[in-house]
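Analysis of the macromolecular model
Take a look at the letters that make up each chain.
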Amino acid sequence: MRQIQHKVIKDAKLFINGEYIDSNSGESFDTIDPATNQKLASVAKANEQDTKHAINVAKETFDSGVWSDMPVADRSMILCRMSDLVMERVNDLALIETLDVGKPIKESRGFDIPRAASNLRFFAEMANYINHEHYDHHKFMSYSKYAPVGVTSLIIPWNLPFMQMTWKASAAMAAGNTVVVKPASYTPLSALMLGEIANEAGLPPGVLNIITGPGGTVGTTMSTHPHVRRISFVGESATGKTVMQNAASQLIPVSLELGGKSANIVFEDADLDEAVSGSIEAIYRNQGEICLAGSRLLVQENIYDLFLDKFVSAVKKIKVGDPLNEDTDMGALVSKSHLDSVDQYVQIGLSEGARLAVGGKKVAGLGEGNFYEPTVLYDVDNKMRVAQEEIFGPVLVVIPFKTEEDAIRIANDSVYGLAGVVWTNDLRRAHRVASKVNAGLLWINCWYYRDLRTPFGGSKASGIGREGGRHSFEFFSEAKTITLKL
């Protein structure tokens, strides 16, 4: 069955100026199926010359005005057509995403690809309603315009490649910019497929360019080239610092969405069944390979044992298996090296004094794939490495707390500040805690719901800047004030 379904996978080339081309050097690299550790496809390996070529094409296309001067309504129609085509190909895209990432097919088909289509449509439609300011003062009138900035570099992570790519590219293109996208080397296939969709939808050649290759070469060029006017990066914090340092050489504005170690706080008055279900989702969705994961579970002492029992019982029901099976809840980690890293963190936690409730090893009986058991470490102290460092896998650390103030203190005792969750039936407490936890996104009695109109981003080591809604248009545009004497 797997071999038949693999026919949708094909060797991949760079997408530049509306065409699929080989790399300048002719070199390629392999992308691997995490569920089998077998080769999926060969992918063109871009070098510095390829990257500069893509950036120059994007600059020439922008300067030509074929996209930047196109009426907003016409740009919107093309992006909406791309959205429609994504949904027409939802099954193929979901299959590619699952084979490349290792995530369950029901997540790819039921959420990731539809959300990508929504990204394209949302920003396409919102572009028609961006307000320009206008002020009269005595004999003068001042007004502002939001103009596209030019070439934008978008560097995309491996965990949610197609959704993240459309999240960035749709906003940048809707604002009138041209884009150069670098998907992660682990998971480039779905991103490259967007080129076919762009051509079919009538996107002018050169507006969207997709190049694949090593971050040290491609990413560095994309973050230092003088033609680039915005950089949006999603990835781990250390790499984000490097991107920011590179961009500083050309004074290029950056938007950075980086790592997280989010606190998931359960108070004694919470609906425990709802909190268990939501907390399971918050750590084990996408194998825990998600920046927004509620990876630190803070539970009030009065319910600590009861909640832990309920939670562990639910974890034991999670089905880990072939990502292509419809009943699989958790698939494979993206690579063997990442699986080894996750396992090493579990061993570190145990050596630090944490206790193992469930999981803690590679899943037996699933061949050579990168399958790791959903894991719970409990009686964790927040000073432990497993509580402070991002594991980015299916490993939850459980920390007891006494009071509301205690929970806030523990939640904020982290270098990260991306997200957080609060489970309580006390509305006043919910708002108090949400306002005091230092994070860019807070959920109350839910997790992962995103209204695309709202700002998205983190504080501290979790990033710089906000995207989403008007915030994306502000980042991907240049505000210009014009004053006229009447």
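Further up the page is the structure itself.
Now for a look at the structure at hand.

Reading the values: rules and limits
Residues numbered from 1 in each chain as written. Predicted model: local features only at pLDDT ≥ 70, side-chain atom pairs only at ≥ 80, totals over all residues. Heavy atoms only, no water. Helix = DSSP H or I, 4+ residues; strand = E, 2+ residues; numbered from the N terminus. Buried < 20%, exposed > 50% of the residue type's maximum accessible area, 1.4 Å probe, protein only. Contact = heavy atoms within 4.5 Å. Polar contact = N/O pair within 3.5 Å; in protein donor to acceptor, adjacent residues only side chain to side chain. Phe/Tyr/Trp six-rings, centres within 6.5 Å; stacked < 30°, edge-to-face > 60°. Lys NZ or Arg CZ within 6 Å of the ring centre and 35° of its normal. Core = buried A, V, L, I, M, F, W, Y, C linked by side-chain atoms within 4.5 Å. 1 Å grid on protein atoms, 1.4 Å probe; cavity = no way out; pocket = protein on both sides within 12 Å on 5 of 7 lines; lining within 4 Å. Points joined across faces, edges and corners; volume = space filled by probe spheres on them. Nonpolar A, V, L, I, M, F, W, Y, C, P; charged D, E, K, R; others polar. Pairing = 2+ DSSP bridges. Axes fitted to C-alpha atoms, helices over the stretch in contact; angles between N-to-C directions. Salt bridge = Lys/Arg side-chain N within 4 Å of Asp/Glu carboxyl O.

**Things to note about unusual backbone geometry**
Residues other than glycine seldom take positive phi values, yet N17 does so here, at roughly 60°. You can see N17 is positioned in the loop between strand 1 (14–16) and strand 2 (19–21). At H138, a position not held by glycine, the phi torsion is positive, near 55°. Within the secondary structure layout, H138 lies in the loop between strand 5 (134–137) and strand 6 (140–148). The class of H138 is exposed, set by a relative accessible area of 71%.

**Details of the environment of R81**
Position of R81 relative to the elements: it lies in helix 3 (residues 72–88). On the accessibility criterion, R81 (31% relative accessible area) is partly exposed. Once you skip the residues sitting within four places of it in the chain, R81 turns out to touch E88, E200 and A201. Of note is the side chain of R81, whose polar atom sits 3.4 Å from the side chain of E88.

**Thoughts on the packing of aromatic side chains**
If you walk through the whole model with that rule in mind, you get 14 aromatic pairs. Ring plane angle 75° and centroid distance 6.1 Å describe the contact between W167 and F456, whose orientation is recorded as edge-to-face. Of the two residues, W167 is situated in helix 6 (residues 161–174) and F456 in the loop between strand 19 (441–444) and strand 20 (459–460); the sequence distance between them amounts to 289 residues. F456 carries the same exposure label as W167, and that label is buried. An aromatic cluster of three or more residues is present, and its members are F122, F123, W167, F456 and F473. For R285, the ring lying beneath its charged end belongs to F111, and the centroid distance is 4.6 Å.

**Regarding the nonpolar core**
Membership of the largest hydrophobic core comes to 106 residues, with the highest contact counts inside it found for M82, M173, L208, Y284, L292 and F311. Judged by nonpolar contacts, the second largest core, of 29 residues, contains V342, I348, A387 and A411.

**Quick look at empty space enclosed by the protein**
Going through the model one piece at a time under the given rule, you end up with 4 cavities of 30 Å³ or more. One number sums up the size of the largest cavity: a volume of about 150 Å³. Taken together, 13 residues line the largest cavity, and the ones lying closest to its centre are R115, M163, Q164, L292 and F456. Breaking the lining of the largest cavity down by element, the ones donating at least two residues are helix 5 (105–126) and helix 6. Sort the elements by how many residues they give to the lining of the largest cavity and helix 6 lands first, with 3 residues. In terms of residue class, the lining of the largest cavity is built from 8 nonpolar, 2 polar and 3 charged.

**Looking at the pairing of strand 5**
Pairing geometry for strand 5 and strand 6, over 4 bridges, is antiparallel. Within strand 6, the position partnered with Y135 by the bridge is S142. Connecting the antiparallel pair strand 5 and strand 6 is a turn made up of 2 residues, with H138 showing a positive phi of about 55°.

**Here's the deal with the sheet that holds strand 5**
With respect to topology, 3 strands assemble into an open sheet ordered 5-6-22, the strand pairing being antiparallel. Each end of this open sheet is capped by a strand with a single partner; those strands are strand 5 and strand 22 (477–485). Neighbour-to-neighbour, the strand axes of this sheet turn through a mean angle of 20°, independent of strand direction. As paired strands, strand 6 and strand 22 are joined by 9 bridges and run antiparallel to one another. Looking at strand 22, one finds that S142 is bridged to T483.

**Concerning the pattern of salt bridges**
Once the charged atoms of two side chains with opposite charge are near each other, the side chains can pair. Taken as a whole, this structure holds 30 salt bridges when the rule is applied. Residue D30 pairs with K39 through a salt bridge whose shortest N-O separation is 3.7 Å. Across the pair E125 and R121 runs a salt bridge, and its minimum N-O distance is 3.6 Å. Placement of the pair is E125 and R121 together in helix 5, with a separation of 4 residues, close to one helical turn. Residues joined in a network through salt bridges with shared partners are K10, R89, E196 and E200.

**Some points on the layout of surface pockets**
Approximately 720 Å³ is the volume attributed to the largest pocket. The wall of the largest pocket is formed by 35 residues, among which W158, F233, G235, E236 and T239 lie closest to the centre. Elements with a minimum of two residues in the lining of the largest pocket: helix 8 (215–222), strand 10 (228–234), helix 9 (237–248) and helix 12 (336–352). In terms of residue count, helix 9 provides more of the lining of the largest pocket than any other element does, 5 residues in total. In terms of residue class, the lining of the largest pocket is made up of 16 nonpolar, 15 polar and 4 charged. In this model, the second largest pocket occupies a volume close to 320 Å³. What lines the second largest pocket is a set of 18 residues, and nearest its centre among them are V72, R75, H132, Y146 and A175. Listed by contribution, the elements that provide at least two residues to the lining of the second largest pocket are helix 3, strand 6 and strand 22. Broken down by element, the residue count for the lining of the second largest pocket peaks at 4 residues, all from strand 6. For the lining of the second largest pocket, the per-class residue count stands at 11 nonpolar, 4 polar and 3 charged.

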